[in-house]
Amino acid sequence: MSLVNVCPSRLLHLPKLDSRVPDELLYGRMGYLFALLFVNKQFGEEKIPQSHIQQVCEAVLASGENLAKKRNFTSKSPLMYEWYQEYYVGAAHGLAGIYYYLMQPGLGVSQTKLHSLVKPSVDYVCQLKFPSGNYPPCIEDSRDLLVHWCHGAPGVIYMLLQAYKVFGEQKYLSDALQCAEVIWQWGLMKKGCGLCHGTAGNAYAFLTLYNLTQDVKYLYRACKFADWCLSYGQHGCRTPDTPFSLFEGMAGTIYFLADLLVPTKAKFPAFEL
């Protein structure tokens, strides 16, 4: 068997329909769905059957509906997800990352479910916004502290922009623009220059917004964040636990700087399709 066929074959046999598997992005079903969609996009053909993708997607929807009913969230949000007994909001482990993917055309979620399940759930996340324009790390967490891709506005902005594309309502774009202002004001990270909770990851939000709006202000802001990253080690930032890794370390920073060479093709790695 050639290497071209090994990867899709192995992906198909991962046990992602097991009820014990979480739904979030980094360790769960949404990350798995990204991998399936990524393979099909890179090959330019249906290496992963659409029926398999939809089966996993339906499992995510069913899981969200079940938890919302079990925890009495249904009147607020028809879908609810948890990670380590917390209702995380951000892109990495929480609602924003899951809803962002459920709105991707490649998953094939029906218009009925998009409007009856996903949209009101997105609107619930929108209601969690702090007066600053930032978002909490978890539901019922009142601390307006974290401005990371994994927790806060830099991750939620992707959900908002995708909702704007899918539903066409100006309120989502307005909230996304407010997220961008939060990132510009607070997004240079003492935690470092990585993707998950660092300056490079925050800068990708500007590139995404630039590619949607063509407003050069956001390209300028991404370049200014890149300038900060180019002074690697000169800002008194912490050393990541895994200093050369994609999500925490130098590999992610280099990936962002390389993406900035052709900003119209920039995609947050292992997240944006």
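The structure this text deals with has already been given above.
Now for a look at the structure at hand. (Residues numbered from 1 in each chain as written. Predicted model: local features only at pLDDT ≥ 70, side-chain atom pairs only at ≥ 80, totals over all residues. Heavy atoms only, no water.)

### Some words on the pattern of salt bridges
- According to the stated counting rule, one finds 11 salt bridges in the structure shown.
- Arg143 is paired through a salt bridge with Asp141; the nearest N and O atoms lie 2.6 Å apart.
- Here Glu181 and Lys217 are joined by a salt bridge, their closest N and O atoms 3.9 Å apart. Taken as a pair, Glu181 in helix H7 (residues 170-186) and Lys217 in helix H9 (residues 216-230) lie far apart in primary sequence, 36 residues in all.
- Assessed through its relative accessible area of 33%, Glu181 is described here as partly exposed.
- The structure contains a network of salt bridges with shared partners spanning Lys119, Asp123, Glu169 and Lys171. (Salt bridge = Lys/Arg side-chain N within 4 Å of Asp/Glu carboxyl O. Helix = DSSP H or I, 4+ residues; strand = E, 2+ residues; numbered from the N terminus. Buried < 20%, exposed > 50% of the residue type's maximum accessible area, 1.4 Å probe, protein only.)

### With respect to the environment of Gly192
- Examined against the element boundaries, Gly192 turns out to sit in the loop between H7 and helix H8 (199-213).
- In this structure Gly192 comes out as buried when scored by relative accessible area, which is 5%.
- Expressed as a C-alpha distance, the spacing of Gly192 and Tyr232, which sit 40 residues apart in the sequence, is 8.5 Å.
- Apart from the residues lying within four places of it in its own chain, the contact partners of Gly192 are Gly198, Thr199 and Cys237. (Contact = heavy atoms within 4.5 Å.)

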